[in-house]
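Architecture and fold: a report
The chain contents come next:
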Amino acid sequence: AQSVTQPDIHITVSEGASLELRCNYSYGATPYLFWYVQSPGQGLQLLLKYFSGDTLVQGIKGFEAEFKRSQSSFNLRKPSVHWSDAAEYFCAVRMDSNYQLIWGAGTKLIIKP
Amino acid sequence: EADIYQTPRYLVIGTGKKITLECSQTMGHDKMYWYQQDPGMELHLIHYSYGVNSTEKGDLSSESTVSRIRTEHFPLTLESARPSHTSQYLCASSGTGTGYEQYFGPGTRLTVT
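Below or above, wherever it landed, is the structure these notes cover. (Residues numbered from 1 in each chain as written. Chains lettered and ligands numbered in written order. Predicted model: local features only at pLDDT ≥ 70, side-chain atom pairs only at ≥ 80, totals over all residues. Heavy atoms only, no water.)

1. Notes on the overall build of chain B
Along chain B, the regular secondary structure elements total zero helices and 11 strands. Listing each helix as α and each strand as β along chain B from the N terminus yields β-β-β-β-β-β-β-β-β-β-β. Counting only residues that meet the buried cut, chain B has 47% of its 113 residues in that class. Considering only contacts in chain B between residues 6 or more positions apart, those separated by 24 or more positions represent 54%. Surface accessibility of chain B: about 5,300 Å² in total, with carbon and sulfur atoms responsible for 51%. Charge separation in chain B, taken as the distance between the mean sites of 9 positive and 12 negative side-chain charges, equals 8 Å. (Helix = DSSP H or I, 4+ residues; strand = E, 2+ residues; numbered from the N terminus. Buried < 20%, exposed > 50% of the residue type's maximum accessible area, 1.4 Å probe, protein only. Contact = heavy atoms within 4.5 Å. Areas by Shrake-Rupley, 256 points an atom, 1.4 Å probe, with all protein chains shown as cover. Lys, Arg positive; Asp, Glu negative; His and termini not counted. Charge placed at Lys NZ, Arg CZ, Asp CG, Glu CD.)

Structure follows, in C-alpha coordinates:
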(Lines give C-alpha, C1' and ligand atoms only; values in the text may rest on other atoms or scores of the structure.)
Protein backbone atom coordinates (compact mmCIF):
# COMPACT_ATOMS: atom_id res chain seq x y z
CA ALA A 1 0.00 0.00 0.00
CA GLN A 2 1.11 3.53 -0.65
CA SER A 3 2.48 5.34 2.38
CA VAL A 4 4.32 8.45 3.47
CA THR A 5 6.89 8.42 6.26
CA GLN A 6 8.22 11.36 8.17
CA PRO A 7 10.81 9.70 10.41
CA ASP A 8 11.24 12.59 12.82
CA ILE A 9 8.37 13.31 15.20
CA HIS A 10 10.04 16.52 16.30
CA ILE A 11 13.23 18.40 15.49
CA THR A 12 14.91 21.17 17.48
CA VAL A 13 17.19 23.66 15.76
CA SER A 14 18.73 26.94 16.80
CA GLU A 15 17.51 30.14 15.23
CA GLY A 16 19.69 30.91 12.23
CA ALA A 17 20.72 27.29 11.73
CA SER A 18 19.88 25.25 8.65
CA LEU A 19 17.00 22.81 8.56
CA GLU A 20 16.19 19.59 6.78
CA LEU A 21 12.94 17.68 7.32
CA ARG A 22 12.75 14.20 5.86
CA CYS A 23 9.95 12.64 3.87
CA ASN A 24 9.92 9.21 2.21
CA TYR A 25 7.10 7.67 0.20
CA SER A 26 6.20 4.27 -1.06
CA TYR A 27 4.84 4.22 -4.61
CA GLY A 28 5.81 2.58 -7.87
CA ALA A 29 5.73 5.67 -10.05
CA THR A 30 6.52 9.32 -9.49
CA PRO A 31 3.81 10.82 -7.32
CA TYR A 32 2.76 14.39 -6.91
CA LEU A 33 4.56 15.68 -3.81
CA PHE A 34 3.66 18.43 -1.37
CA TRP A 35 4.85 20.07 1.81
CA TYR A 36 2.44 21.89 4.09
CA VAL A 37 2.97 23.91 7.27
CA GLN A 38 0.52 24.20 10.16
CA SER A 39 0.83 26.80 12.89
CA PRO A 40 -0.84 26.00 16.23
CA GLY A 41 -4.61 26.06 16.02
CA GLN A 42 -4.58 26.85 12.31
CA GLY A 43 -5.27 25.14 9.03
CA LEU A 44 -2.55 23.95 6.68
CA GLN A 45 -0.70 26.18 4.24
CA LEU A 46 0.92 24.85 1.09
CA LEU A 47 4.67 25.51 1.10
CA LEU A 48 5.64 23.91 -2.19
CA LYS A 49 4.85 21.14 -4.65
CA TYR A 50 6.57 18.91 -7.18
CA PHE A 51 5.07 17.19 -10.21
CA SER A 52 7.83 16.94 -12.79
CA GLY A 53 10.84 18.75 -14.20
CA ASP A 54 13.56 20.29 -12.07
CA THR A 55 13.91 18.14 -8.95
CA LEU A 56 14.74 21.13 -6.75
CA VAL A 57 11.66 23.22 -6.13
CA GLN A 58 11.37 26.56 -4.43
CA GLY A 59 8.48 27.44 -2.16
CA ILE A 60 7.22 30.22 0.02
CA LYS A 61 8.87 31.51 3.21
CA GLY A 62 12.34 30.62 1.89
CA PHE A 63 11.78 26.85 1.83
CA GLU A 64 12.95 24.46 -0.87
CA ALA A 65 12.63 20.72 -1.38
CA GLU A 66 14.49 18.19 -3.48
CA PHE A 67 12.93 15.15 -5.10
CA LYS A 68 15.24 12.12 -5.26
CA ARG A 69 13.69 9.30 -7.21
CA SER A 70 16.37 6.77 -6.25
CA GLN A 71 15.67 7.34 -2.56
CA SER A 72 11.91 7.90 -2.86
CA SER A 73 12.43 11.05 -0.85
CA PHE A 74 11.25 14.64 -0.90
CA ASN A 75 13.13 16.43 1.87
CA LEU A 76 12.34 19.99 2.89
CA ARG A 77 15.16 22.43 3.54
CA LYS A 78 15.75 25.96 4.69
CA PRO A 79 19.21 27.53 4.96
CA SER A 80 18.46 29.69 8.03
CA VAL A 81 15.41 29.23 10.24
CA HIS A 82 13.55 32.00 12.03
CA TRP A 83 11.60 31.73 15.27
CA SER A 84 8.41 32.16 13.23
CA ASP A 85 9.14 28.86 11.46
CA ALA A 86 8.19 26.93 14.60
CA ALA A 87 5.22 24.84 13.47
CA GLU A 88 4.14 21.37 12.38
CA TYR A 89 5.22 20.31 8.89
CA PHE A 90 3.39 17.71 6.85
CA CYS A 91 4.51 15.89 3.75
CA ALA A 92 1.81 14.57 1.42
CA VAL A 93 1.68 12.67 -1.85
CA ARG A 94 -1.01 12.22 -4.47
CA MET A 95 -1.03 9.16 -6.62
CA ASP A 96 -2.27 9.20 -10.19
CA SER A 97 -5.26 7.06 -9.39
CA ASN A 98 -7.33 9.61 -7.46
CA TYR A 99 -7.46 13.13 -6.09
CA GLN A 100 -6.84 12.26 -2.47
CA LEU A 101 -3.64 12.97 -0.59
CA ILE A 102 -1.77 10.49 1.55
CA TRP A 103 -0.32 12.25 4.57
CA GLY A 104 2.73 11.79 6.71
CA ALA A 105 2.37 11.96 10.48
CA GLY A 106 4.04 15.36 10.63
CA THR A 107 7.25 16.75 12.12
CA LYS A 108 7.09 19.36 14.83
CA LEU A 109 9.81 21.99 14.43
CA ILE A 110 11.04 23.64 17.62
CA ILE A 111 13.29 26.69 17.39
CA LYS A 112 15.83 27.40 20.12
CA PRO A 113 16.61 31.08 20.69
CA GLU B 1 -10.18 37.21 -2.63
CA ALA B 2 -10.40 33.45 -3.16
CA ASP B 3 -10.45 31.66 0.16
CA ILE B 4 -11.90 28.86 2.29
CA TYR B 5 -14.04 29.74 5.27
CA GLN B 6 -14.98 27.65 8.27
CA THR B 7 -17.41 28.56 11.02
CA PRO B 8 -17.43 28.44 13.91
CA ARG B 9 -13.72 28.52 14.71
CA TYR B 10 -14.35 27.20 18.20
CA LEU B 11 -17.36 25.33 19.56
CA VAL B 12 -18.03 23.91 23.02
CA ILE B 13 -21.22 21.91 23.19
CA GLY B 14 -22.91 19.37 25.42
CA THR B 15 -23.34 15.68 24.72
CA GLY B 16 -26.34 14.80 22.59
CA LYS B 17 -26.60 18.11 20.75
CA LYS B 18 -26.85 18.31 16.98
CA ILE B 19 -24.17 20.44 15.38
CA THR B 20 -23.28 21.60 11.88
CA LEU B 21 -19.81 22.75 10.95
CA GLU B 22 -19.86 25.11 8.00
CA CYS B 23 -17.34 25.19 5.16
CA SER B 24 -17.50 27.47 2.15
CA GLN B 25 -14.99 28.24 -0.55
CA THR B 26 -14.70 30.96 -3.15
CA MET B 27 -11.84 29.20 -4.94
CA GLY B 28 -14.07 27.91 -7.71
CA HIS B 29 -12.99 24.37 -6.81
CA ASP B 30 -15.10 21.30 -7.57
CA LYS B 31 -13.55 18.96 -4.98
CA MET B 32 -13.92 19.37 -1.23
CA TYR B 33 -12.74 17.39 1.78
CA TRP B 34 -13.21 17.09 5.53
CA TYR B 35 -10.38 15.96 7.76
CA GLN B 36 -10.29 15.17 11.47
CA GLN B 37 -7.11 15.97 13.36
CA ASP B 38 -6.31 15.48 17.02
CA PRO B 39 -3.73 17.92 18.48
CA GLY B 40 -0.25 17.23 17.18
CA MET B 41 -1.43 14.27 15.16
CA GLU B 42 -1.83 13.38 11.52
CA LEU B 43 -4.81 14.20 9.34
CA HIS B 44 -7.54 11.65 8.75
CA LEU B 45 -9.89 12.00 5.79
CA ILE B 46 -13.49 11.51 6.92
CA HIS B 47 -15.52 12.75 3.91
CA TYR B 48 -14.95 14.02 0.41
CA SER B 49 -16.92 15.27 -2.55
CA TYR B 50 -15.93 15.57 -6.19
CA GLY B 51 -18.95 17.62 -7.17
CA VAL B 52 -22.52 18.62 -6.42
CA ASN B 53 -24.67 15.77 -5.07
CA SER B 54 -21.60 13.54 -4.80
CA THR B 55 -20.23 12.57 -1.37
CA GLU B 56 -18.12 9.69 -0.14
CA LYS B 57 -16.78 8.48 3.17
CA GLY B 58 -13.06 8.69 3.76
CA ASP B 59 -10.58 6.35 5.35
CA LEU B 60 -11.53 7.13 8.94
CA SER B 61 -14.94 5.97 10.02
CA SER B 62 -17.00 8.88 11.26
CA GLU B 63 -20.49 9.26 12.65
CA SER B 64 -20.81 12.58 10.87
CA THR B 65 -22.61 13.21 7.60
CA VAL B 66 -22.05 15.73 4.83
CA SER B 67 -23.98 17.26 1.97
CA ARG B 68 -23.00 19.03 -1.24
CA ILE B 69 -25.97 20.88 -2.64
CA ARG B 70 -23.95 23.83 -3.90
CA THR B 71 -20.44 23.75 -5.33
CA GLU B 72 -19.08 26.24 -2.83
CA HIS B 73 -20.68 24.79 0.32
CA PHE B 74 -19.80 21.53 2.13
CA PRO B 75 -21.27 21.38 5.65
CA LEU B 76 -20.58 18.59 8.12
CA THR B 77 -23.26 17.49 10.60
CA LEU B 78 -23.13 15.50 13.81
CA GLU B 79 -26.63 14.40 14.80
CA SER B 80 -25.72 13.65 18.41
CA ALA B 81 -22.38 14.92 19.65
CA ARG B 82 -20.30 12.79 22.02
CA PRO B 83 -17.05 13.49 23.90
CA SER B 84 -15.26 11.17 21.45
CA HIS B 85 -16.04 13.72 18.72
CA THR B 86 -13.81 16.28 20.42
CA SER B 87 -11.20 17.16 17.81
CA GLN B 88 -10.20 19.69 15.19
CA TYR B 89 -12.07 19.52 11.88
CA LEU B 90 -10.37 20.85 8.77
CA CYS B 91 -12.07 21.59 5.48
CA ALA B 92 -10.11 21.68 2.22
CA SER B 93 -10.76 22.08 -1.47
CA SER B 94 -8.94 21.36 -4.70
CA GLY B 95 -9.52 22.27 -8.31
CA THR B 96 -8.36 21.16 -11.69
CA GLY B 97 -5.00 22.88 -11.59
CA THR B 98 -1.75 20.99 -11.90
CA GLY B 99 -1.37 18.43 -9.13
CA TYR B 100 -4.80 19.05 -7.59
CA GLU B 101 -3.19 20.48 -4.47
CA GLN B 102 -5.53 21.04 -1.56
CA TYR B 103 -6.17 24.37 0.12
CA PHE B 104 -7.32 24.48 3.72
CA GLY B 105 -9.64 26.51 5.87
CA PRO B 106 -8.61 27.62 9.37
CA GLY B 107 -10.35 24.71 11.05
CA THR B 108 -13.03 24.28 13.73
CA ARG B 109 -11.97 23.21 17.19
CA LEU B 110 -14.84 21.17 18.63
CA THR B 111 -15.12 20.26 22.30
CA VAL B 112 -17.99 18.06 23.46
CA THR B 113 -18.55 18.06 27.21
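2. A short note on the interface of chain B and chain A
Counting residues at the interface gives 23 residues for chain B and 21 residues for chain A. Both faces combined, the contact of chain B with chain A buries some 1,800 Å², and carbon together with sulfur accounts for 53% of it. For the pair chain B and chain A, the interface holds one salt bridge. The partner of Lys49 of chain A in a salt bridge is Glu101 of chain B, and the shortest N-O contact between them spans 2.4 Å. Seen at the junction of chain B and chain A, the total is seven residue pairs in polar contact (both at pLDDT 80 or more). Elements supplying a minimum of two residues to the side of chain B that touches chain A: β4 (31-37), β5 (44-51), β9 (87-94) and β10 (103-104) of chain B. (Buried area = accessible area lost by both parts, 1.4 Å probe. Salt bridge = Lys/Arg side-chain N within 4 Å of Asp/Glu carboxyl O. Polar contact = N/O pair within 3.5 Å; in protein donor to acceptor, adjacent residues only side chain to side chain.)

3. A closer look at the packing of aromatic side chains
All chains considered together, the criterion is met by 16 aromatic pairs over all chains. Centre to centre, the rings of Tyr99 of chain A and Tyr50 of chain B are 5.0 Å apart; their planes meet at 90°, and the pair counts as edge-to-face. With Tyr99 of chain A in the loop between β10 (87-94) and β11 (102-103) and Tyr50 of chain B in strand β5, the pair connects residues from two separate chains. For Tyr50 of chain B, a relative accessible area of 28% corresponds to the partly exposed category. (Phe/Tyr/Trp six-rings, centres within 6.5 Å; stacked < 30°, edge-to-face > 60°.)

4. Quick word on the state of the cysteines
Defined simply, a disulfide is a covalent bond joining two cysteines at their sulfur atoms. Counted by the stated rule, this structure contains two disulfides over all chains. With a sulfur-sulfur separation of 1.9 Å, Cys23 of chain A is cross-linked through a disulfide to Cys91 of chain A. The disulfide joining Cys23 of chain A to Cys91 of chain A has a torsion of about -65° about its S-S bond and is therefore left-handed. Of the two residues, Cys23 of chain A sits in the loop between β3 (19-21) and β4 (24-26) while Cys91 of chain A sits in strand β10, which places them 68 residues apart along the sequence. Using a relative accessible area of 0% as the deciding quantity, one classes Cys23 of chain A as buried. Under the relative-accessibility criterion, Cys91 of chain A is labelled buried at 0%. Paired by a disulfide, Cys23 of chain B and Cys91 of chain B hold their sulfur atoms 1.8 Å apart. (Disulfide = S-S within 2.5 Å.)

5. So, the pairing of β4 of chain B
Residues and elements named next belong to chain B. For β4, the buried fraction is high: seven of the seven residues fall into the buried class. Burial along β4 is two-sided: Lys31, Tyr33, Tyr35 and Gln37 and Met32, Trp34 and Gln36, pointing in opposite directions, are all buried. Note: β4 against β9, seven bridges, orientation antiparallel. In the strand pairing of β9, Gln37 is matched with Gln88. Examined bridge by bridge, β4 and β5 share five bridges and lie antiparallel to one another. (Pairing = 2+ DSSP bridges.)

6. Focus on the environment of Pro40 of chain A
With respect to the helices and strands, Pro40 of chain A occurs in the loop between β5 (32-38) and β6 (44-50). Sequence spacing of Pro40 of chain A and Ala86 of chain A is 46 residues, and the spatial spacing of their C-alpha atoms is 9.2 Å.

7. Here's the deal with the nonpolar core
Proteins that are soluble and globular tend to have nonpolar side chains buried together. Counting 27 residues, the largest nonpolar core has Leu19, Trp35, Leu47, Leu48, Phe74, Leu76 and Tyr89 of chain A as the members making the most contacts within it. Breaking this core down by element, the ones donating at least two residues are β2 (10-14), β3, β5, β6, β8 (64-68), β9 (73-78), β10 and β12 (107-112) of chain A. The element that contributes the greatest number of residues to this core is β10 of chain A, accounting for four residues. Beyond its immediate stretch of four places on either side in the chain, Tyr89 of chain A contacts Gln6, Leu21, Trp35, Tyr36, Val37, Leu47, Phe63, Leu76, Gly106, Thr107 and Leu109 of chain A. Counting 17 residues, the second largest nonpolar core, distinct from the first, contains Met32, Val66, Phe74 and Cys91 of chain B. (Core = buried A, V, L, I, M, F, W, Y, C linked by side-chain atoms within 4.5 Å.)

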